[in-house]
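Secondary and tertiary structure notes
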Amino acid sequence: MIPNLQPNTTYAVHLRAASSSGGKDWVGSVTAQGEIHTYWGKTGQINQHAGKPGDVQTLNNIISQKKNGKDRYTQVDEYHPQQGWQSQRKQTPAPSQPKAPKPVAAPIVDWVEAPNASIKWDF
């Protein structure tokens, strides 16, 4: 995830691939001005950036190449301008169901209430 995408970014995706150095990240984004911006680096250390003309279709083609290429990138996160990064959105927890009380084991014979209860042998 890139905290500071280009102004007027309309869509972005964060991809990650395994590597011998611990992983690599790639972020591709597109702006309303028709620019594709890519960011990449080691996982957790995205420090390189490049920009070029392009639209969301071109970005989707690049994403597809990354996912199906030799490095097999997988999607980690997605950005939409109204909601921000999916991983950063406030997740509303599902309403929890009240827990049913645990059954309490009760003796078969209540010796306090029925002190005269006894085992009746039938032999």
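Provided above is the structure to which this section pertains.
In this report, we go over the structure that sits alongside the text. These figures come from a predicted structure and were not determined experimentally. (Residues numbered from 1 in each chain as written. Predicted model: local features only at pLDDT ≥ 70, side-chain atom pairs only at ≥ 80, totals over all residues. Heavy atoms only, no water.)

Within the chain one finds one helix and six strands. Scanning the chain from its N terminus toward the C terminus, one meets helices and strands in the order β-β-β-β-α-β-β. Across the 123 residues of the chain, 25% fall into the buried class. Pairs at least 24 apart in sequence give 42% of the contacts found in the chain among residues at least 6 apart. Within the structure as shown, the chain displays about 9,300 Å² of accessible surface, and the carbon and sulfur contribution to it stands at 53%. (Helix = DSSP H or I, 4+ residues; strand = E, 2+ residues; numbered from the N terminus. Buried < 20%, exposed > 50% of the residue type's maximum accessible area, 1.4 Å probe, protein only. Contact = heavy atoms within 4.5 Å. Areas by Shrake-Rupley, 256 points an atom, 1.4 Å probe, with all protein chains shown as cover.)

Moving on to the nonpolar core. Judged by nonpolar contacts, Tyr-11, Val-13, Leu-15, Ala-17, Trp-26, Val-30, Ile-36, Leu-59, Ile-62, Ile-63 and Tyr-73 together constitute the single largest core of 11 residues. Only β1 (9-17), β2 (24-31) and α1 (56-68) provide two or more residues apiece to this core. Ranked by residues supplied to this core, first place goes to β1 with four residues. Contacts of Ile-63, omitting those with residues within four sequence positions, involve Tyr-11, Val-13, Leu-15 and Trp-26. By size, the runner-up hydrophobic cluster in this structure holds seven residues, among which are Ala-12, Val-27, Tyr-39 and Trp-85. (Core = buried A, V, L, I, M, F, W, Y, C linked by side-chain atoms within 4.5 Å.)

The next point concerns the sheet that holds strand β4 (residues 45-53). With respect to topology, six strands assemble into an open sheet ordered β4-β3-β2-β1-β5-β6, the strand pairing being antiparallel. At either margin of the open sheet sits one strand with a lone partner, and together these are β4 and β6 (84-85). Pairing of β1 with β2 involves eight bridges; the strand directions are antiparallel. From the neighbouring strand, Tyr-11 faces β2, where its bridge partner is Val-30. (Pairing = 2+ DSSP bridges.)

Here the focus is unusual backbone geometry. Its identity as a non-glycine residue notwithstanding, Asn-8 has a phi of 65°, on the positive side. Residue placement: Asn-8 occurs in the segment before β1. Even without glycine at this site, Arg-72 takes up a positive phi of about 50°. Within the element layout of this structure, Arg-72 appears in the loop between α1 and β5 (74-80). The class of Arg-72 is exposed, set by a relative accessible area of 52%.

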